[in-house]
Amino acid sequence: MSLSITDSLVCRVVGKFWNSPQLALEFCSWIGEKNFSHSLESCCAVIHLLVKLRRFDEALACMGNLMCVRGLAPFDVLEGLINSYEGDDSSPAVFDALVRTCTQFGATDGAYEVIKKLRMDGCWVTIHAWNNFMGHLLKLNEIDRFWKVYKEMISYGYSENVNTFNLIVYALCKECRLLEAISVFYRMLKDEIWPNVVTFNMIIDGACKMGNLELALKLVKKMGVMSGGCVRPNSVTYNCIINGFCKIGNIALAEEVHIEMTKVGIESNERTYGTLIDGHARGGSLEEAFKLCNEMVERGLIPNTVVYNTVIHWLYKVEDMEGASLLLFDMIDKRISPDQFTYSILTKGLCRNGYVTEALRLNNQVIGKNLGEDAFSHNILINYMCRSKNMAGAKQLLGSMFVHGLIPDLVTYGSLIDGYCKVGNVEHAVQIYDRMIKAEENPNLVIYNSVINGLCKEAAMDVAKLLTNVLQSMGLFDVITYNTLINGYCLSGKIEAAFALFSEMRKLGILENRVTYNTLINFLCKFGCFQQAKDLMKMMAHHGVIPDSISYTTLITHFSKNCTPEEVIELHDEMVLKGVIPDRPTYRAIVSPLLQEDNAET
DNA sequence: TTAGGGTTAG
């Protein structure tokens, strides 16, 4: 039986019964059961049928199978589809489905090739395929490429639909171009393409991510009016706002929004809880976070990987190894599968609590078992090695990344450059910098700040200032750049230059922060200017920057060596009165000179 | 098509 069935016969049958696709498909699966092994050609015939029947998921699975199991390139599948195509209006949908399959399986270039080839053959994909491809680029954070593809699409004469506009809004929000995102909203109205709830949610989330909760709330309120009564906030809208408040540290308002959400009849989902659990833990209240975990279970929502990851992360952060381990076991017990986040959280948690060997072992296990490693865990380990000045270890890990096909990113390079600068090996830092440029990674401000710091430590202040000037002309500088330079000038004894920068930064709209004041207070003390140091701390409070335990401990350390015990006690009492909690270094600073006296006497 | 969790600088 199987001998008499050939590919061409299958295709002929499919062609004959094209108007009875259900029947043709049943025939194909029947011969499949009879051990007929489908070739590319007959598979493609099946795919055409599935698309005609609008069974897209199965069509996608079939194409995915051709690419992933049989190892065919998207281009081969495209050829197969074209060859087995008998001429019917279902064909654009087939090609759209192929593009979708490519993006789903991560074949980014393949998807683009398919679109391009079809255009050259005069066989156009629809706007949906373009949207799918552009959405995929945004998911990969390839925003520059997104804009290029978008322009290309427009140049071929396509017009944007609501999904395209939503993608544009999404891209602009990712680039923090919020005002432009809002102007796209008005352009949509002008083009009579009505914004939907997704459009609003993206802008609202963009505002939240930039910390502009006021604007986000305003948009939520005006959504109805702005959309002519068509659009109302949904759970995504509320979750964005709740997350926004959590991230700026205002949990109380986040909770209020949560209550409001329930009042208007929108149910909280696992993301609502996940967001609030992280918010409370981030704000220092793990207890509240656990309460919410219980609450979500009571409401029939099962904590998922994200919730476990969050809580484990914060337990590690407060050095509760036992609690973190218990939750990890609970996770395994409940068969909640760990992901890359879990592994990097564990890696970081182990490192920060002193279990570096265990962290390295975990990393090897994850790599060995193909559990889906990414650059994160390696970056964490490399950074840890750099911090503990083990540059040989860091270098070895970088090698391991290459061996396992992991591409170093800006964080990898940033950690290495910073590490080499800090051990005084500027030459190696420059080598890494060159490698980064060769890998076409554009340095960001973090990298530049590390380089400036390296130059400062090398006492190459002139070069450091020169680099800063260049960056400034590109608008690339922040409070850290200034703090680094101020620290550099202080280190080389140029305290006047340091103060000149201090006054310059305000004029440029960079607000000084705790680190700025603490740096200057430290050096004023070092130069014996105790009164000026004290005055600066007053000025700090006056400018709304609250002195922390480092500010007080710096003063106490120097006062206890050079001033009267009464002055030290006065500082301690003031610290406590202002609600700053003395820590171990504070007490050490108060007590250690007395211990030295004791030692001298005995 | 949109929302939650992990990595770099002073």
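Residues numbered from 1 in each chain as written. Chains lettered and ligands numbered in written order. Predicted model: local features only at pLDDT ≥ 70, side-chain atom pairs only at ≥ 80, totals over all residues.

K.L.:
Please clarify how the overall build of chain A should be interpreted in this entry.
P.N.:
In terms of helices and strands, chain A carries 34 helices and 0 strands. Taken along the three principal axes of its C-alpha coordinates, chain A extends 105 × 60 × 55 Å. With 602 residues in all, chain A has 38% of them scored as buried. Long-range pairs, those at least 24 residues apart, make up 60% of the contacts in chain A with a sequence separation of at least 6. (Helix = DSSP H or I, 4+ residues; strand = E, 2+ residues; numbered from the N terminus. Buried ≥ 20, exposed ≤ 12 C-beta atoms within 10 Å, placed from the backbone. Contact = placed C-beta atoms within 7 Å.)

K.L.:
Honestly, unusual backbone geometry in this entry has me stumped. Any pointers?
P.N.:
As a rule of thumb, non-glycine residues mostly have phi less than zero, and peptide bonds are mostly trans rather than cis. The backbone of Asn141 sits at a positive phi, close to 65°, despite the residue not being glycine. Among the secondary structure elements, Asn141 is positioned in the loop between α8 (127-139) and α9 (143-155). Among the residues examined, Asn141 registers 10 C-beta atoms within 10 Å and is labelled exposed. Unlike most non-glycine residues, Glu319 shows phi in positive territory, near 60°. Looking at the element boundaries, Glu319 is found in the loop between α18 (305-317) and α19 (321-333). By C-beta crowding, Glu319 is classed as partly exposed, having 13 other C-beta atoms within 10 Å.

K.L.:
I would appreciate a short explanation of the protein's contact with DNA strand B in the present structure.
P.N.:
Taken together, 60 residues form the shell around DNA strand B, and within it Asn201, Gly274, Phe376, Asn379 and Gly414 come nearest. Split by residue class, the surface near DNA strand B holds 19 nonpolar, 32 polar and 9 charged. (Near = placed C-beta within 6 Å. Nonpolar A, V, L, I, M, F, W, Y, C, P; charged D, E, K, R; others polar.)

K.L.:
Before we go on, may I ask you to explain the nonpolar core in this structure?
P.N.:
Side chains that are nonpolar tend, in soluble globular proteins, to be buried together. Core analysis: the largest hydrophobic core is formed by 150 residues, its most contacted members being Ile47 and Leu98. In terms of domain composition, this core takes at least three residues from each of domain 1 (1-154) and domain 2 (513-602). With near-sequence residues (within four places) excluded, Leu98 lies in contact with Met63, Pro74, Val77, Leu78, Leu81 and Val114. (Core = buried A, V, L, I, M, F, W, Y, C linked by C-beta atoms within 7 Å. Domains from an automatic or database assignment.)

K.L.:
Please explain the domain arrangement of chain A as it appears in this structure.
P.N.:
A common way to state how big an interface is: give the accessible area lost once the parts meet. Each assigned domain of chain A is listed here: domain 1 (1-154) and domain 2 (513-602). Of note, the centres of domain 1 and domain 2, computed from C-alpha atoms alone, are 71 Å apart.

K.L.:
Please clarify how the packing of helix α16 (residues 270-282) against helix α17 (residues 286-298) should be interpreted in this entry.
P.N.:
A pair of packed helices can be characterised by two numbers: the angle between their axes and the separation between those axes. At a minimum axis distance of 7 Å, the contact between α16 and α17 shows a crossing angle of 165°. If you check the angle between α16 and α17, you find them roughly antiparallel. Our pair here, α16 against α17, has a crossing hand that is left-handed. On α17, the residues touching Glu270, Tyr273, Leu276, Ile277, His280 and Ala281 of α16 are Leu286, Glu288, Ala289, Leu292, Cys293 and Met296. Of the residues belonging to the contact of α16 with α17, the class tally is 9 nonpolar, 1 polar and 2 charged. (Axes fitted to C-alpha atoms, helices over the stretch in contact; angles between N-to-C directions. Parallel < 35°, antiparallel > 145°, perpendicular 65-115°, else oblique. Left-handed = near helix turned anticlockwise from the far one by under 90°.)

K.L.:
Help me out: how do you make sense of helix α15 (residues 251-263) in this one?
P.N.:
Each turn of an α-helix holds 3.6 residues, which means side chains three or four residues apart point in the same direction. With 13 residues, α15 should cover 18 Å at 1.5 Å per step; its first-to-last C-alpha distance of 18 Å lies within 8% of that length. Residues of α15 that are buried include every one of Ala254, Val257, His258 and Met261, and no others. Relative to the axis of α15, the buried residues are bounded by an arc of 105° and lie together on one face. Summarising the geometry of α15, the exposed residues directed more than 90 degrees from the buried face are Ala252, Ile259 and Lys263. Against the buried residues of α15 lie α14 (235-247) and α16. (Expected span 1.5 Å × (residues − 1). Arc of directions from axis to C-beta.)

K.L.:
Is there a simple way to explain the environment of His558 in this structure?
P.N.:
Counting through the fold element by element, His558 comes out in helix α32 (residues 549-562). Considered as a pair, His558 and Lys526 are 32 residues apart in the sequence and their alpha carbons are 7.6 Å apart. Apart from the residues lying within four places of it in its own chain, the contact partners of His558 are Cys525 and Phe530.

K.L.:
Would you explain the packing of helix α1 (residues 7-16) against helix α3 (residues 40-52) in this entry?
P.N.:
Running from amino to carboxyl end, α1 crosses α3 at an angle of 15°, the nearest separation of the two axes being 9 Å. The orientation of α1 with respect to α3, classified from their angle, is roughly parallel. Note that α1 runs across α3; the crossing there is left-handed. Residue-level inspection shows Asp7, Val10, Cys11 and Val14 of α1 in contact with α3, the latter providing Glu41, Ser42, Ala45 and Leu49. The residue inventory of the contact of α1 with α3, partitioned by class, reads 5 nonpolar, 1 polar and 2 charged.

K.L.:
Looking at this structure, how should I read helix α5 (residues 74-83)?
P.N.:
Considered for burial, the residues of α5 that qualify are Pro74, Val77, Leu78, Gly80 and Leu81. Projected down its long axis, α5 shows its buried positions confined to an angular sector of 160°, all on one face. For α5, the elements touching its buried residues are α3, α4 (56-68), α6 (91-104) and α7 (108-120).

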